[in-house]
Structures are given as structure tokens and as C-alpha cells.
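Here's the letter readout for the chains.
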Amino acid sequence: MSRSRLTVVLSQSNSKHPVKRSLEESLAAALIMEPGLDVSIIPHLYDLDPQHTGRLFLESVSGDLVVLSWLFPRAAFWLLDRDGIQGHWGDSQIKPPDADEDEDQESPEAKGIGPAGKLPERRVYCLNLNDANNYQIFVDEVRRIATECRERNAARTPPAIVQLGLPVAAPTSSPNGDATYLRNGDSVPPLFSAEQLLAAPDRRWYPVIDYSRCTNCMECLDFCLFGVYGVDAMERLLVETQDNCKRGCPACSRVCPEQAIMFPDYKSPAIAGAPVGAVGALKIDLTKLFGGEGKDALSQAVAERDRELVADGRNAVGMAVGIPKRQADKPEGPKDDLDKLMDDLESLGF
């Protein structure tokens, strides 16, 4: 298969909301009509375990890759990187509905320690399906990306790509009776059935590290008392035992001085992976409005950690453990206004 073909992967929502399903179906139907694309569908990206065929398919793609998911692009990109699906950040021209006209999306290639190893010579584009309700906007952007990739790769003689995914197209029969699928005139035998590729994975919960922001300060490792974090042979921070993480708890994200820890399924954008500093400002302080008493990020993180310790049958430790900063001279990073609003709602019982 020629590397001139762009692989496009649609990651389904883990909910069955009819509006989301409708957008996914319209988008898939439109993309399979586009020339030069290999289109596949997988379940929710965040939930894929290492043995899931959707994950194996993603690992098999060696060329440029577009992933459309219901996640912030920063979260999706570093989630893929965590799973070994690496590449250079591919810029998208789709802007979130609340983005200011003069506000540029932050590139993940910023000031942190960066991804491990040498990145392959390809681009990974992550598009957030929450950014528009019109499927044609995404189709147009995929067309633009496909053109960009063809022009960039025109002078290269790439290796063949092994295709493992489920093409989104009508099946026919090959001469030997095996099932085949047509993609814009190309007959490609899939190695996985639809049932295998789209098998519903278990819901998961774990942190994702943005290594473009992570400075390897290890404050999350000090703070987390559940054995989630560790270091590799190069003394780089990593999520070592993700299944030790407590479902719904984002405490370590709140103490990260660089906002480098994301929980892609969390309810507030700053923790779910929105571009740092790019979430639209909200001028409402519900804590003051209802006479409540707000908590700073560290106090809230300590309360969340204590709650999980008690649920595990352990003693709450409050501020007594894992609090002293390794970067004591570094001020606490600001929370965006929408994140504060969601925290205020939660503290008020909404």
C-alpha cells in the first residue's frame, strides 16, 4: 500500500448519545467517499487496552495519521504517544467554538522534556469532534491534511504499510471466497473482523502525561500514594501502574506545576487536556455567589487524595505527606476560569 494514502481513524464516543452517534455516522459515510484515504473505526481511544485490536491497528500504521475523537487534541496526541503511537504534532486549522480569533492553539512541542526516543518521520493529527457539529467541517480539514501530507511526502520512497484495521466500506467477495473490502477501488483484505475491531473495551481511568510540558519535577510521584507513577531506565517520569489509579480522582493533575497531567475523560477542560490558557474566560464565581468557601488547587487535591485513602481502608494524611515541593521556588500554576467554575459546582453539590 502506498504511503501516499492517509490513514484516518474515527474513535467512537463511549456514550451512545444520539447526536454524537449521528455525527460519527455522517462523518464515516463521507470520509469513505474521499480518494486517497484509508478509513477505519475504533472504540473510544482512552479505553483501549494493549491487547485490543483497535490498539493493535493503530500500532501498525507507519504513515501519517489522523485521529478523530471526542478528546482534546493535546490529550489525544499524548495518549497515542503513551501507547507507542508516536509522530510529530500535526497542526489542525479547526478552532474550538470558544477560541478567540487572535488566540493560537498551543503546540505540544513546548518546554518540557519531550517524548522518549527519536520520533518517526510522520505527522499525527488529532481532531476533536466536540469542536463542530457539522461533519463537513471535519471532512474539509481531512482533505486539507491529505493534501499537506502528499506534498510533504512526495519526494520520499516510503516502506509499505501493513493495514490491520476495518475499512469503512461495503464488503464484497474475493475469488477465493474470503471477505474483502473496497476502498476507492482498492481491494484490501482486513486481518480483523468488525466484531474484533469494534469490541467494546472496559472503561478505564488513568493519567496521561504531556511531555511537552512535563519538566520531570516528580511532584506527582511524591504526591500520589497509590503507586501509579514511576521512573524508567532514563529516570524519566512515567505512568507505571495505571490500574492503581482511583476512578474519577484527578488530584495529581491539580498539583502539577506545569499542567502536564491530563485525565482525558474528566469534566473540566483544564484537567481533560484543553490547551493551557486557551479556555474561554468565565466571569462567574459561584462560591461567592452562594456564600460557599472555595478551595485552592492543593487543598482540593489533598481532600480528593484523603477520600480515596479512606475508601481503601487507609488513614487520611492531609498535608503531612508528599506536599513539600521539589521546585519550592516555582509558583503554583493558575487554573482556568472554567475549571474553577466546575470545581465550585462540585463543592456546592451540583
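Cut-offs used in this document
Residues numbered from 1 in each chain as written. Predicted model: local features only at pLDDT ≥ 70, side-chain atom pairs only at ≥ 80, totals over all residues. Heavy atoms only, no water. Phe/Tyr/Trp six-rings, centres within 6.5 Å; stacked < 30°, edge-to-face > 60°. Buried < 20%, exposed > 50% of the residue type's maximum accessible area, 1.4 Å probe, protein only. Lys NZ or Arg CZ within 6 Å of the ring centre and 35° of its normal. Core = buried A, V, L, I, M, F, W, Y, C linked by side-chain atoms within 4.5 Å. Helix = DSSP H or I, 4+ residues; strand = E, 2+ residues; numbered from the N terminus. Contact = heavy atoms within 4.5 Å. Expected span 1.5 Å × (residues − 1). Pairing = 2+ DSSP bridges. Polar contact = N/O pair within 3.5 Å; in protein donor to acceptor, adjacent residues only side chain to side chain. pLDDT = per-residue confidence, 0-100.

Undergrad: Looking at this structure, I do not really get the packing of aromatic side chains. What am I missing?
TA: For any pair of aromatic rings, the description consists of the separation of the ring centres together with the inter-plane angle of the planes. By the definition in use, this model includes six aromatic pairs. Geometrically, the ring pair formed by phenylalanine 77 and tryptophan 78 is edge-to-face, given 5.2 Å between the ring centres and 85° between the ring planes. Residue phenylalanine 77 is classed as buried on the basis of its relative accessible area, which comes to 6%. Within the aromatic cluster, the residues linked to one another by ring pairs are Phe77, Trp78, Trp89 and Tyr211. Sitting above the plane of the tryptophan 70 ring, lysine 20 keeps its charged end 4.9 Å from the centroid.

Undergrad: Would you mind showing me how to read the nonpolar core here?
TA: Generally speaking, soluble globular proteins have nonpolar side chains that are buried together. In this structure, Leu45, Leu58, Leu80, Tyr229 and Phe263 are the most contacted members of the largest nonpolar core, which totals 45 residues. Elements with a contribution of two residues or more to this core: helix H2 (53–60), strand E3 (65–69), helix H3 (73–82), strand E5 (123–128), strand E9 (208–209), strand E11 (237–239) and strand E12 (261–262). No other element matches H3, which puts six residues into this core. With near-sequence residues (within four places) excluded, leucine 45 lies in contact with Ser11, Leu58, Val67, Leu71, Ala76, Leu79 and Leu80. In terms of nonpolar packing, the next biggest core, distinct from the first, is built from 25 residues, Leu6, Val8, Leu23 and Ala132 among them.

Undergrad: In this structure, what is going on with helix H10 (residues 297–311)? I would like to understand it.
TA: Because the α-helix completes a turn every 3.6 residues, residues three or four places apart line up on one side. With 15 residues, H10 should reach 21 Å at 1.5 Å per residue; the first-to-last C-alpha distance of 21 Å fits that figure. Among the residues of H10, Ala297, Gln300, Ala301, Val302, Glu304, Arg305, Asp306, Glu308 and Leu309 are the ones counted as buried.

Undergrad: Would you explain the pairing of E5 in this entry?
TA: Consecutive side chains along a regular strand alternate between the two faces of the sheet. Most of E5 is tucked away, with five of its six residues classed as buried. By the bridge criterion, five bridges tie E3 to E5 in an arrangement that is parallel. Bridging from a neighbouring strand, leucine 68 pairs with leucine 127 of E5. As paired strands, strand E4 (residues 88–90) and E5 are joined by three bridges and run parallel to one another. When the sheet's bridge partners are listed, histidine 88 is paired in E5 with arginine 123.

Undergrad: Could you clarify how one ought to interpret the side chain of arginine 5 in this entry?
TA: Within the secondary structure, arginine 5 is located in the segment before strand E1 (6–11). Arginine 5 gets classed as buried once you look at its relative accessible area, which sits at 13%. One polar contact links the side chain of arginine 5 to the main-chain carbonyl oxygen of leucine 37, over a distance of 3.0 Å. A distance of 2.9 Å separates polar atoms of two side chains, one belonging to arginine 5 and the other to aspartate 38.

Undergrad: Would you explain the confidence of the model for the chain in this entry?
TA: In low-pLDDT segments, the atomic positions of the prediction should not be examined closely. Model confidence for the chain is summarised by a mean pLDDT of 80, while 70% of its residues fall at 70 or above. Averaged pLDDT values for the elements of the chain fall to 34 in strand E7 (residues 179–183) and rise to 98 in E3. The low-confidence segment residues 105–109, where pLDDT is below 50, has 16 contacts with residues more than four positions distant or belonging to other chains. Taken as a whole, residues 158–189 scores under 50 in pLDDT and shows 82 contacts with residues more than four places along the chain or in a different chain.

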